[in-house]
Amino acid sequence: MFGQIARRYDLLNHVLSLGIDRAWRRRVVRLTPPEGDAPILDVCTGTADLAIAYWRASNERTPIFGVDFCRPMLQFGAEKLFRLGASHRVRLFEGDALALPFADASFQLVCVAFGLRNVSDPDRGLAEMARVCRPGGRVAVLEFSMPHRWPFGALYRFYFRHLLPRIGQSLADNDQQAYQYLPQTVQSFPQGQAFLDRMTAAGLERLQRHPFSGGIATLYVGRKGSREAD
């Protein structure tokens, strides 16, 4: 499914969000900026937009790694990196979020944008993100959420459930119903305190929650304990 929509994935993100997705990534970087020159990992990196945002935020000094299981997405991401001259600092890997191909405690920050809900076992994916994060480092998860304040919440739910799938499907040119899949997964994914509880279960602490754009998306951030549990 993701391979089929890879060619138009960036365009659809910008169109369907009215361009707000760019501002969301910039805000993620502001709220969880690089801390020193230790490497950063972007899980489910797709076409590497968040990885690129971190590369820019670090003044092109911090090594950035991106991992995804969808080769066509990575190919488009690699083309963008080449055009930007970022290939020497942003490296992309084909790999499984449920078994990340990195050693324990490798990264100062492990992030994911709109990808954790797509893995078959999000709790295991979150545990893997915590595993490869350094003690004292951060895990950041940006994910769609559903706003509830009336009338904005009602209007958005109508758009998200009825209009977005039709627009996305008409533009995406795929036979896997990718944009019917999107609202289904968002509505079934844990949100708010329910997701913070999942982060606690993964061994993260000092949790924070940052709603974006009235609650359309939410950034969840947790620190890995500075000492491993005995």
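Structure shown above.
As the structure is a computational prediction, the values presented were derived from the model and not from experiment.

About the thresholds
Residues numbered from 1 in each chain as written. Predicted model: local features only at pLDDT ≥ 70, side-chain atom pairs only at ≥ 80, totals over all residues. Heavy atoms only, no water. Helix = DSSP H or I, 4+ residues; strand = E, 2+ residues; numbered from the N terminus. Buried < 20%, exposed > 50% of the residue type's maximum accessible area, 1.4 Å probe, protein only. Contact = heavy atoms within 4.5 Å. Areas by Shrake-Rupley, 256 points an atom, 1.4 Å probe, with all protein chains shown as cover. Core = buried A, V, L, I, M, F, W, Y, C linked by side-chain atoms within 4.5 Å. Axes fitted to C-alpha atoms, helices over the stretch in contact; angles between N-to-C directions. Parallel < 35°, antiparallel > 145°, perpendicular 65-115°, else oblique. Left-handed = near helix turned anticlockwise from the far one by under 90°. Nonpolar A, V, L, I, M, F, W, Y, C, P; charged D, E, K, R; others polar. Pairing = 2+ DSSP bridges. Patch = residues over 30% accessible without salt bridge, like charges linked within 9 Å, V, L, I, M, F, W, Y side chains within 5 Å. Salt bridge = Lys/Arg side-chain N within 4 Å of Asp/Glu carboxyl O. Lys, Arg positive; Asp, Glu negative; His and termini not counted. Charge placed at Lys NZ, Arg CZ, Asp CG, Glu CD. Phe/Tyr/Trp six-rings, centres within 6.5 Å; stacked < 30°, edge-to-face > 60°.

Participant: Even after reading the chapter, I still don't get the overall build of the protein chain, so can you show me in this structure?
Facilitator: When helices and strands are counted, the protein chain shows 9 helices and 7 strands. When burial is assessed residue by residue, the protein chain has 52% of its 230 residues classed as buried. Long-range pairs, those at least 24 residues apart, make up 72% of the contacts in the protein chain between residues at least 6 apart in sequence. Carbon and sulfur atoms form 52% of the exposed surface of the protein chain, whose accessible area is close to 11,200 Å².

Participant: Mind showing me how you'd approach the nonpolar core here?
Facilitator: Soluble globular proteins: nonpolar side chains tend toward being buried together. One finds Trp24, Leu50, Tyr54 and Leu142 to be the most contacted residues of the largest nonpolar core, which totals 30 residues. Elements supplying a minimum of two residues to this core: α3 (20-31), α4 (49-57), β4 (107-113), β5 (133-144) and β7 (217-224). In terms of residues, this core owes the most to one element, α4, which gives 6 residues. Here Trp24 is in contact with Phe114, Leu142, Phe144, Phe212, Ser213, Ile216 and Ala217, once residues within four sequence places are set aside. Listed in part, the 27 residues of the second largest apolar core include Val43, Phe107, Met129 and Cys133.

Participant: It is not clear to me how the packing of α3 against α4 should be interpreted in this structure. Could you clarify?
Facilitator: When two helices pack together, their arrangement is given by the angle between their axes and by how far apart the axes lie. One way to put it is that α3 packs onto α4 with a least axis distance of 10 Å and a crossing angle of 50°. If you check the angle between α3 and α4, you find them oblique. In this structure, the crossing between α3 and α4 has a hand that is right-handed. Contacts from Arg25, Val28 and Val29 in α3 reach Asp49, Leu50, Ala53, Tyr54 and Ala57 in α4. Class assignment for the residues of the contact of α3 with α4 results in 6 nonpolar, no polar and 2 charged.

Participant: Help me understand the sheet that holds strand β1 (residues 40-43), please; the structure alone is not making it clear to me.
Facilitator: The mixed open sheet is built from 7 strands, whose spatial order is β3-β2-β1-β4-β5-β7-β6. The open sheet terminates on both sides in strands that have one partner only, identified here as β3 (90-94) and β6 (204-212). Recorded for the sheet is a direction-independent mean angle of 15° between the axes of neighbouring strands. Its contacts with the sheet put α4 on β1, β2 (64-68), β3 and β4, and the angle it makes with β4 is roughly 140°.

Participant: It is not clear to me how a positive patch on the surface should be interpreted in this structure. Could you clarify?
Facilitator: There is a patch of like positive charges on the surface, built from Arg22, Arg26, Arg27 and Arg30. Secondary-structure assignment places Arg30 in helix α3.

Participant: Where do I start with the pairing of β2 in this structure?
Facilitator: Both faces of the sheet carry side chains from a regular strand, because those side chains alternate between them. Counting buried residues in β2 gives 5 out of 5 residues, a clear majority hidden from the surface. Residues Ile64, Gly66 and Asp68 point to one face of β2 and Phe65 and Val67 to the other, with burial holding for every one of them. As paired strands, β1 and β2 are joined by 4 bridges and run parallel to one another. Bridging across to β2, Leu41 finds its partner in Phe65.

Participant: What should I look at first to understand the packing of aromatic side chains in this one?
Facilitator: By convention here, two paired aromatic rings are described through the distance between centres and the angle between planes. Across all of its chains, the model carries 10 aromatic pairs by this definition. With a centroid separation of 5.6 Å and 70° between ring planes, the pair formed by Phe65 and Phe107 is classed as edge-to-face. Of this pair, Phe65 sits in strand β2 while Phe107 sits in strand β4, and the two are 42 residues apart along the sequence. We note that Phe65, like Phe107, is buried. Taken together, a centroid distance of 5.5 Å and an interplanar angle of 35° make the contact between Phe189 and Phe195 tilted.

Participant: Whenever I open this one, the pairing of β7 confuses me. Can you help?
Facilitator: Extensive coverage of β7 is indicated by the burial of 8 of its 8 residues. Of the two faces of β7, both are covered, the one formed by Ala217, Leu219, Val221 and Arg223 as well as the one formed by Thr218, Tyr220, Gly222 and Lys224. As defined by bridge partners, β5 adjoins β7 across 7 bridges and the pair is classed as antiparallel. Counted as the bridge partner of Glu143 is Thr218 from β7. The turn linking β6 back onto β7 is made up of 4 residues, and Ser213 within it adopts a positive phi angle of 50°.

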